[in-house]
Amino acid sequence: MDITLSRLHFPVTTLGYGKRIGVWFQGCSIGCKGCVSTDTWANDKAKQIELEALFPLLNEWLPEADGITVSGGEPFDQPDALYALLQFVREQTQALASTQAEAKPFSIFLYSGYSLEEL
């Protein structure tokens, strides 16, 4: 499955508590007034990659991460890729927790321009 991705960073310390994995989707159909990420609005197919290509890097970062923050662009404009990404993260964090004597909390923050009613 492909994902159109603007950028990926670790650690991010400003979009939630602790050291977080930051994932910015590329492409936005909403275009909210006052958006701070207008550079992520264009649906740039040149930024499309195979989602599974991210998994080794995410696996490297997950043991040190306190959470993941997903933003964009608009993550819900790519619902299948968003679901697959979060499902992978959930499975990997559960596997990590099962190997630790005391599992640390791991959170998922997701920023969207859609209201809860629209979602």
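Student: Mind laying out the sheet that holds strand 3 (residues 48-50), listing which residues take part and the relevant values?
Tutor: Hydrogen bonds between backbone atoms are what pair the strands of a sheet, whose relative direction is either parallel or antiparallel. Read across the open sheet, the five strands follow the order 3-1-2-4-5; overall the sheet is mixed. Whereas interior strands pair on both sides, the edge strands pair on one side only; in this sheet they are strand 3 and strand 5 (107-110). Direction aside, the axes of adjacent strands within the sheet are offset by 35° on average. Looking at chain direction, strand 1 (residues 2-12) and strand 3 are connected through three bridges and run antiparallel. Across the sheet, residue T4 finds its bridge partner in strand 3, namely Q48.

Student: Could you give an account of the nonpolar core, naming the residues involved and the relevant values?
Tutor: By size, the foremost hydrophobic cluster in this structure holds 22 residues, and its most contacted members are L8, I21, V23, F25, L58, V70 and L85. If you list the elements that add at least two residues to this core, you get strand 1, strand 2 (20-25), helix 1 (55-61), strand 4 (67-71) and helix 2 (79-99). In terms of residue count, helix 2 provides more of this core than any other element does, six residues in total. Setting aside chain neighbours within four positions, we find L8 in contact with I21, G22, V23, L54, L57, L58 and W61.

Student: Outline the pattern of salt bridges, supporting the account with residue identities and numerical values.
Tutor: Side chains that carry opposite charge are capable of pairing whenever their charged atoms lie near each other. One pass over the structure, following the stated rule, counts three salt bridges. Measuring nitrogen to oxygen at the nearest pair gives 3.8 Å for the salt bridge that ties D66 to K104. Taken together, the residues span a long stretch of sequence, with D66 in the loop between helix 1 and strand 4 and K104 in the loop between helix 2 and strand 5 at a distance of 38 residues. We classify K104 as partly exposed; its relative accessible area is 34%.

Student: I'd love a proper account of the pairing of strand 4, names of residues and values included.
Tutor: Across the five residues that make up strand 4, a large majority, five, are buried. Along strand 4, one buried face is formed by G67, T69 and S71 and the opposite face, lined by I68 and V70, is buried too. Here four bridges tie strand 4 to strand 5, and the two strands are oriented parallel to one another. Bridged to G67 within strand 5 is S107. In this fold, strand 4 hands off to helix 2, which returns the chain to strand 5; that crossover is right-handed.

Student: Can you lay out the environment of L116 for me, pointing to particular residues and giving the numbers?
Tutor: Within the fold, L116 resides in the segment after strand 5. Overall, L116 belongs to the exposed group, its relative accessible area being 75%. When the C-alpha positions of L116 and G34 are compared, they lie 19 Å apart, and in sequence the two are 82 residues distant.

Student: Explain a nonpolar patch on the surface to me, and be specific about the residues and the numbers.
Tutor: A surface patch of nonpolar side chains, about 390 Å² in accessible area, is lined by F76, L110, L116 and L119. Within the secondary structure, F76 sits in the loop between strand 4 and helix 2.

Each value, and the rule that gives it
Residues numbered from 1 in each chain as written. Predicted model: local features only at pLDDT ≥ 70, side-chain atom pairs only at ≥ 80, totals over all residues. Heavy atoms only, no water. Pairing = 2+ DSSP bridges. Helix = DSSP H or I, 4+ residues; strand = E, 2+ residues; numbered from the N terminus. Axes fitted to C-alpha atoms, helices over the stretch in contact; angles between N-to-C directions. Core = buried A, V, L, I, M, F, W, Y, C linked by side-chain atoms within 4.5 Å. Buried < 20%, exposed > 50% of the residue type's maximum accessible area, 1.4 Å probe, protein only. Contact = heavy atoms within 4.5 Å. Salt bridge = Lys/Arg side-chain N within 4 Å of Asp/Glu carboxyl O. Right-handed = clockwise from strand over helix to strand, strands pointing away. Patch = residues over 30% accessible without salt bridge, like charges linked within 9 Å, V, L, I, M, F, W, Y side chains within 5 Å. Areas by Shrake-Rupley, 256 points an atom, 1.4 Å probe, with all protein chains shown as cover.

As far as function goes, none of this settles anything; it's purely spatial.
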